[in-house]
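Survey of secondary and tertiary structure
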Amino acid sequence: MPSSLPVFPQVLVFAASDPTSGAGIQADILTLVSLGCHPLTAVTALTVQDTSGVRALSATPADFLEDQARTVLEDMPVACFKLGLLGSLENVQRVAEIVADYPEIPLVFDPVLASGRGDVLADEEIVAAMREMLLPQTTIITPNAPEARRLVEQDADAEEPELDLCARRLIEAGAEYALITGTHENTQQVVINTLHGAVGALQRTRWERLPGSYHGSGCTLASAIAAGLAGGAGIEEAVRDAQEYTWKTLRHGFRGGMGQFIPDRLFWARSDDASPHSQIQTKAEAGGG
């Protein structure tokens, strides 16, 4: 007889479809399945894209998006929300209304504002709505450095704000935690990711910088954090484990097309490198140092 309740956690993802499965909702599904979760999906947009960039985007009508999500939520228990590309101002507003009805469910927010090539995927109205409507409901936001700066830049800033200041502003705007990734920063040998909370920096984790660029690394990281939270991990444990998993997906990444590499979310099924700690070189620093 089937169990009356799911035996593994279910995560509801709001994100856009990516035909390459490198990023977007397909990347979220692969990551969540790889980490033992059952993915539920509300598709926010359809895209025309390849491994080099996004050529076109068609947002899902907000009413239809809401019907997708609420129909699932009325039927299936959800352990975590994960937000990616939302596609339109109306969709940001509608998603904010939906998640507000479930304040007990943790929310992981990956604010997708541009493609890896730099194609703009969110205008200033959308960014402002994210700040006002989604950040106050966010458990953890996972921007890269350009996304963090765009979300919090102020007219009074004489120059680009430092990332620690960005994190403080994100948390002042309502996010409980902010994990800012350093892939786009000018560090030659390492990538430094920093987890911030209300008291400041909680973790600074250094990862070997891998050659090349990757399509969907941010989706992978955010979904891996959602998987950890859905499984009952605390925020610091979920963030550490998600970074470790994501780095390994990148190290095993493959060239599926002519553009960016694609992370291999099922690397453990294709190699002897099955241990979650094998060959990983990290340095985590507690506190603000």
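All of these numbers come straight from a predicted model, not from anything done at the bench. (Residues numbered from 1 in each chain as written. Predicted model: local features only at pLDDT ≥ 70, side-chain atom pairs only at ≥ 80, totals over all residues. Heavy atoms only, no water.)

The next thing to look at is the side chain of H215. Along the polypeptide, H215 turns up in the loop between strand 9 (200–208) and helix 7 (217–230). The exposure class of H215 is buried, given its relative accessible area of 9%. A distance of 2.9 Å separates the side chain of H215 from the side chain of D18, its partner in a polar contact. Within the structure, the side chain of H215 is placed 3.4 Å from the side chain of T20, a separation counted as a polar contact. Those residues in contact with H215 that sit more than four places away from it in its chain are D18, T20, G22, A23, Q49, D50, T51, Q260, F261, I262, P263 and R265. (Helix = DSSP H or I, 4+ residues; strand = E, 2+ residues; numbered from the N terminus. Buried < 20%, exposed > 50% of the residue type's maximum accessible area, 1.4 Å probe, protein only. Polar contact = N/O pair within 3.5 Å; in protein donor to acceptor, adjacent residues only side chain to side chain. Contact = heavy atoms within 4.5 Å.)

For helix 2 (residues 62–75), built from 14 residues, the straight-helix expectation of 20 Å at 1.5 Å per residue is met to within 8% by its first-to-last C-alpha distance of 20 Å. Every buried residue of helix 2 is listed here: A62, L65, E66, Q68, A69, V72 and L73. All buried residues of helix 2 project into a common sector of 155 degrees when viewed along the axis, lining one side. Exposed and facing more than 90 degrees away from the buried side of helix 2 are D63, F64, T71, E74 and D75. Packing partners of the buried residues in helix 2 comprise strand 1 (10–17), strand 2 (38–49), strand 4 (80–83) and helix 3 (89–100). (Expected span 1.5 Å × (residues − 1). Arc of directions from axis to C-beta.)

Below, the discussion takes up the side chain of T181. Tracing the backbone shows T181 in the loop between strand 7 (177–180) and strand 8 (190–197). Take T181: its relative accessible area is 11%, and that puts it in the buried class. Look past the residues within four positions of T181 in its chain and what remains in contact with it is P143, N144, A145, I192, N193 and L221.

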